[in-house]
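Below, each chain spelled out in residue letters.
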Amino acid sequence: MKREVVITPRAQIEIENIFEYLESKWNEKIKKKFSNKINTILNLIIENPELFPVSNVNKKIRKAVISKQSILFYHFNNKHIIVLSIFDSRQNQSKIEKIK
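Anyway, here's the lowdown on the structure attached to this text. Remember, it's a predicted structure, so these values are computed and weren't measured experimentally.

**Considering the overall build of the protein chain**
When helices and strands are tallied, the protein chain shows two helices and four strands. Shown N-terminal to C-terminal, the secondary structure of the protein chain runs as helices and strands in the order β-α-α-β-β-β. Counting contacts in the protein chain only where the partners sit at least 6 residues apart, residues at least 24 apart contribute 44% of the total. For the protein chain, the computed accessible surface area is about 6,700 Å², with 52% contributed by carbon and sulfur atoms.

**Examining the nonpolar core**
Core analysis: the biggest nonpolar cluster contains 18 residues, and Phe34, Ile41, Ile45, Ile66, Leu72 and Ile86 have the highest contact counts within it. Among the secondary structure elements, those contributing two or more residues to this core are helix H1 (9-25), helix H2 (28-47), strand E2 (62-67), strand E3 (70-76) and strand E4 (80-88). When residues of this core are assigned to their parent elements, the largest contribution, six residues, is made by H2. Apart from the residues lying within four places of it in its own chain, the contact partners of Ile66 are Phe34, Lys37, Ile38, Ile41, Ile71, Leu72 and Ile86. Grouped together as the second largest cluster of nonpolar side chains are six residues, Phe73, Ile82, Leu84 and Phe87 included.

**What to know about the pattern of salt bridges**
Enumeration over the complete set of coordinates arrives at three salt bridges. Across the salt bridge formed by Glu47 and Lys2, the nearest N and O atoms sit 3.6 Å from each other. Taken as a pair, Glu47 in helix H2 and Lys2 in the segment before strand E1 (4-7) lie far apart in primary sequence, 45 residues in all. The same class applies to Glu47 and to Lys2, which are both exposed. Among the salt bridges present, the one from Arg10 reaches Glu14, with a minimum N-O distance of 3.1 Å. Placement of both Arg10 and Glu14 in helix H1 is noted, with a separation of four residues, approximately one turn of the helix.

**Points about the pairing of E4**
Among the nine residues that make up E4, seven are buried, leaving the element largely enclosed by the rest of the structure. As paired strands, E1 and E4 are joined by four bridges and run parallel to one another. In the strand pairing of E4, Val6 is matched with Ile82. Pairing geometry for E3 and E4, over seven bridges, is antiparallel. Across the sheet, residue Phe73 finds its bridge partner in E4, namely Ser85. From the end of E3 to the start of E4, which pair antiparallel, there are three residues.

Each value, and the rule that gives it
- Residues numbered from 1 in each chain as written.
- Predicted model: local features only at pLDDT ≥ 70, side-chain atom pairs only at ≥ 80, totals over all residues.
- Heavy atoms only, no water.
- Helix = DSSP H or I, 4+ residues; strand = E, 2+ residues; numbered from the N terminus.
- Contact = heavy atoms within 4.5 Å.
- Areas by Shrake-Rupley, 256 points an atom, 1.4 Å probe, with all protein chains shown as cover.
- Core = buried A, V, L, I, M, F, W, Y, C linked by side-chain atoms within 4.5 Å.
- Buried < 20%, exposed > 50% of the residue type's maximum accessible area, 1.4 Å probe, protein only.
- Salt bridge = Lys/Arg side-chain N within 4 Å of Asp/Glu carboxyl O.
- Pairing = 2+ DSSP bridges.

So far we have only geometry, and geometry alone does not tell us how the molecule works.
Here you go:
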């Protein structure tokens, strides 16, 4: 049984902010490329939720590197994959501890 992907409001806002940034500073092609990377990562997680490493901050959370600037944090149960955050790795790393 495939798990349903649930994107938290926080992650949705972060994704929208990244898309706005990419569109304003780069172009639609770069935005589409980033979107494709997210979808590829999510498909990998759906197939094997334990594929990516456990976070050092919280053992219930896993992290998948999207790009050198972006990390997808998630956790899962029998029915869902919950995307908690798309974290900009250029931010203060202490903000990772606030992801729950």
